[in-house]
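Remarks on the overall topology
The chain contents come next:
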Amino acid sequence: MTIERTLSIIKPDATERNITGLIVARLEGAGLRVVAQKRVWWKKKQAEEFYEMHKKRDFFDELVQFMISGPIVVQVLEGEDAIKRNRLVMGATNPVDADPGTIRKDFAVNLQRNSVHGSDSPESAKREIDLLFKKSEIVG
């Protein structure tokens, strides 16, 4: 058992539909604790920096435009095997492939508007958390 931290983003499609509380309840119900949280509206530069690893992919511009289309909720989640646990409760990236009862199966609109993002490794969790939060904003 490893206590770790991961980044979670509740995307614009979910904030637009006012379901952030439902999503946070699912995360907490899965044993994850919110140790930092803020609602922000990214500028293009912030979204491009966050998704820079996808810059050469054909979906990059569309992804950036979506992520700046409305407010998002960024969170640091903490718990036992937090990265794996968060990814399990989120479900598969494509909601069509997601298991019943997962956030993406229950709330996603489509592949892009899939309601949530979560770090996929300890390295990306550190990078993403450091990019979006000051140490003083994380209260564990």
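Residues numbered from 1 in each chain as written. Predicted model: local features only at pLDDT ≥ 70, side-chain atom pairs only at ≥ 80, totals over all residues. Heavy atoms only, no water.

**As for the UniProt feature "active site" (unreviewed entry) in the protein**
According to UniProt, the positions carrying the feature "active site" (unreviewed entry) are His 117. Looking at the element boundaries, His 117 is found in strand β4 (residues 116-118). Of the residues examined, His 117 reaches a relative accessible area of 14% and is grouped as buried. With sequence-adjacent residues up to four places away left out, His 117 is seen in contact with Leu 7, Ser 8, Ile 9, Lys 11, Phe 50, Tyr 51, Met 90, Arg 104 and Glu 128. (UniProt positions renumbered as here; feature names shortened; annotations may be inferred. Helix = DSSP H or I, 4+ residues; strand = E, 2+ residues; numbered from the N terminus. Buried < 20%, exposed > 50% of the residue type's maximum accessible area, 1.4 Å probe, protein only. Contact = heavy atoms within 4.5 Å.)

**Section: the pairing of strand β1 (residues 3-10)**
By the criterion of burial, β1 is predominantly enclosed, with 6 of the 8 residues buried. Two strands pair when backbone bridges link them, and β1 and strand β3 (residues 72-80) are joined in this way by 8 bridges, in the antiparallel orientation. For Ile 3, the partnering residue across the bridge sits in β3 and is Glu 80. Where β1 and β4 come together, 3 bridges link them in antiparallel fashion. Of the residues in β4, the one forming a bridge with Ile 10 is Val 116. (Pairing = 2+ DSSP bridges.)

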